[in-house]
Amino acid sequence: MKKKKKTGSVAIPFLITFLVSLVIIGGAAMFIYDKVDNDESSLLSMANEVGTLSSDDDHTILLVLDMSDSIVSSSDDYDLYQEDYSDGEEDEEEYDEEEDEDNEDEDYYDDYSPASHYVHQPYTFMLLRSRPVDKKMTFIGIPSDMLIGEANRQAQDIYLDNGVVALRNSIQYTLDVNIDRYMQFDTESFKKLCNILGGVNYPVPKGVEGIEYSGEEQYLSAEQTEAIISCGSLSGGELQRISTACSLAAAMMNQTSGERIAGNLDNSFNAMVNVAKTDISAIDYNNRKYAIKFMLKYSDPTDDNETRSSRADFVTPYGSMERSGFAADKYFSKDIKMYFESDKDKKQDPEDNTQEDTNSEKENSDDK
């Protein structure tokens, strides 16, 4: 008579096999999940590569280059000279005995003025208007002595006394445009930005300290770019300086590889946020990252014969020089409206009667 096998002898090995299988499969699943979870940035990057474009992606940034940490303005040089000269007034009688030397000092003091010596301008202001749908960006210069705001004060005075936010509000008031964010660079962060973009070839204007004039384009380092932008000794004064600065910024954007910048945009943004002062948040960046990458990547030259893009241009304000500073022409703010047409809060020009005239003509035609 055959012995019956105990059911427990079969069930126990089966359960052990089942449990081992769960451990192996579950462990593998946990390993894969953990790897995916740790690579969250890659998943986000892939997801953010898909997006849509609209006029809502248009935005304006106030760019402020403050190089006062490395250079002083001509007025500061003049004040220092006045202090040195006033210190010598205690020995006035001694100078009277040495008349020739005294006259020589007086002649030098009379001739000394910011206009007769190399002028350093440490403050540069401009607006960057980006229109991703059109794959275009425009630099709009704001002269440091431009009269802005309700009080009609110079831009650099408002910035020095009240800061970058007050400067932004004053520019908005005068130009009647919306400025979304600001970005403030010092010497270190500006040089880092130049290195990210990769330098620029540019025809250096006459009168820039430390750069020989050739009349032709020459490659500029970050230090040379800084020297050109801060040069206040150009023959056309502050208006030419800010025009040169905007032209140089546009040339830099047109000569860089948009595809290269777009591919490394996340790292570049993080690097710049860490060294510059800005109110651009990570949320702002993520919301517009796809649009910015699109604008940069797809504005590169498509013709093999072309080496430069035309994605960037610049605008120089026009107006008159008053005793208190540069006064922009009233039509200038109207002329730049074409770059801000997508702004939702754009106000209709009260002096623009074109639509009213059109409606009147239509009513008269219907009456006939």
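Residues numbered from 1 in each chain as written. Predicted model: local features only at pLDDT ≥ 70, side-chain atom pairs only at ≥ 80, totals over all residues. Heavy atoms only, no water.

## Re the overall build of the protein chain
Here is the rule we go by: Going along the chain from the N terminus, every DSSP run of H or I of four or more residues is numbered as a helix, and every run of E of two or more is numbered as a strand. Should any heavy atoms of two residues lie within 4.5 Å, those residues are considered in contact. Surface accessibility in these figures is a Shrake-Rupley result with a 1.4 Å probe; residues are shielded only by whichever protein chains are displayed.
For the protein chain, the count of helices and strands is 15 helices and 12 strands. The long-range share in the protein chain, meaning contacts at least 24 apart out of those at least 6 apart in sequence, stands at 71%. Of the roughly 22500 Å² of accessible surface on the protein chain, a fraction of 49% belongs to carbon and sulfur atoms.

## Brief notes about the sheet that holds strand 1 (residues 59-66)
Formally: Between any two strands, pairing holds if DSSP finds at least two bridges.
Pairing within the open sheet is mixed, and its six strands lie in the order 9-6-1-2-3-10. Strand pairing shows two members of the sheet lacking a second neighbour, strand 9 (277-278) and strand 10 (312-315), which therefore form its edges. Pairing of strand 1 with strand 2 (residues 123-131), which is carried by eight bridges, proceeds in the antiparallel orientation. Note that in strand 2 the partner of Leu62 across the bridge is Leu127.

## Observations regarding helix 10 (residues 237-255)
In plain terms, the rule: Between the first and last residue of a helix there are one fewer steps than residues, each counted as 1.5 Å, and that sum is the expected span. For each residue, the accessible area found with a 1.4 Å probe, counting protein chains only, is set against the maximum for its type, and the residue is called buried under 20%, exposed over 50%, and partly exposed in between.
When the terminal C-alpha atoms of helix 10 are compared, their 27 Å separation across 19 residues agrees well with the 27 Å that a helix rising 1.5 Å per residue should span. Of all 19 residues in helix 10, 15 are buried; the element is thus mostly enclosed.

## Things to note about the pattern of salt bridges
For the record, the criterion: Whenever a carboxyl oxygen of Asp or Glu lies within 4 Å of a side-chain nitrogen of Lys or Arg, that contact is scored as a salt bridge.
The final tally for this structure, using the stated rule, is 11 salt bridges. A salt bridge links Glu226 to Lys191; its shortest N-O distance comes to 4.0 Å. You can see Glu226 sitting in helix 9 (residues 222-229) and its partner Lys191 sitting in helix 8 (residues 187-197), a full 35 residues away along the chain. We classify Glu226 as buried; its relative accessible area is 9%. The closest approach of N and O atoms between Arg241 and Glu238, which form a salt bridge, is 2.8 Å. Of this pair, Arg241 and Glu238 are both found in helix 10, three residues apart, which corresponds to roughly one turn of the helix.

## Points about the pairing of strand 1
For strand 1, the buried fraction is high: eight of the eight residues fall into the buried class. Neither face of strand 1 is left uncovered, since the one carrying His59, Ile61, Leu63 and Leu65 and the one carrying Thr60, Leu62, Val64 and Asp66 both have all their residues buried. Looking at chain direction, strand 1 and strand 6 (residues 181-185) are connected through five bridges and run parallel. Along strand 6, the bridge assignment pairs Val64 with Gln184.

## Looking at the confidence of the model for the protein chain
This is how the line gets drawn: The score called pLDDT rates the predictor's confidence residue by residue, from a low of 0 to a high of 100.
Of all residues in the protein chain, 66% attain a pLDDT of 70 or more, and the chain-wide mean is 78. Scored below 50 in pLDDT, residues 77-116 makes 21 contacts in the model with residues more than four places away or belonging to other chains. A low-confidence stretch, residues 343-365 (pLDDT under 50), is modelled with 10 contacts involving residues beyond four sequence positions or located in other chains.

## Thoughts on the nonpolar core
Most often, soluble globular proteins keep nonpolar side chains buried together rather than apart. The condition that has to hold: Buried Ala, Val, Leu, Ile, Met, Phe, Trp, Tyr and Cys residues that are joined via side-chain atoms within 4.5 Å together make up what is termed a nonpolar core.
Formed by 48 residues in total, the largest nonpolar core has its most connected members in Leu63, Phe139, Met183, Phe185, Val208 and Leu296. Among the elements that take part in this core, helix 10 stands out by supplying nine residues, more than any other. Leave out the neighbours within four places in its chain, and Phe139 touches Leu63, Met126, Leu127, Leu128, Cys246, Ala249, Ala250, Met253, Ala312, Asp313, Phe314 and Val315. Ranked by size, the runner-up nonpolar core spans 25 residues in total, among them Leu62, Ile142, Val164 and Val315.

## Re helix 12 (residues 265-275)
Note the cut-off: Relevant arc is that of directions from the helix axis to the C-beta atoms, nothing else.
Along helix 12, the residues classified as buried are Leu265, Ser268, Phe269 and Met272. In a view along the axis of helix 12, the buried residues occupy a sector of 100 degrees, so they form one face of it. Structural note: helix 12 exposes Asn267 and Asn274 on the side pointing more than 90 degrees away from its buried face. Tucked inside the fold, the buried residues of helix 12 contact strand 6, helix 8, helix 11 (258-263) and helix 13 (282-297).

## As for the side chain of Arg168
For Arg168, the position within the fold is in helix 7 (residues 164-175). Taking relative accessible area as the criterion, Arg168 reaches 13% and is therefore assigned buried. Leave out the neighbours within four places in its chain, and Arg168 touches Leu62, Ile179, Asp180, Arg181, Tyr182 and Asp279.

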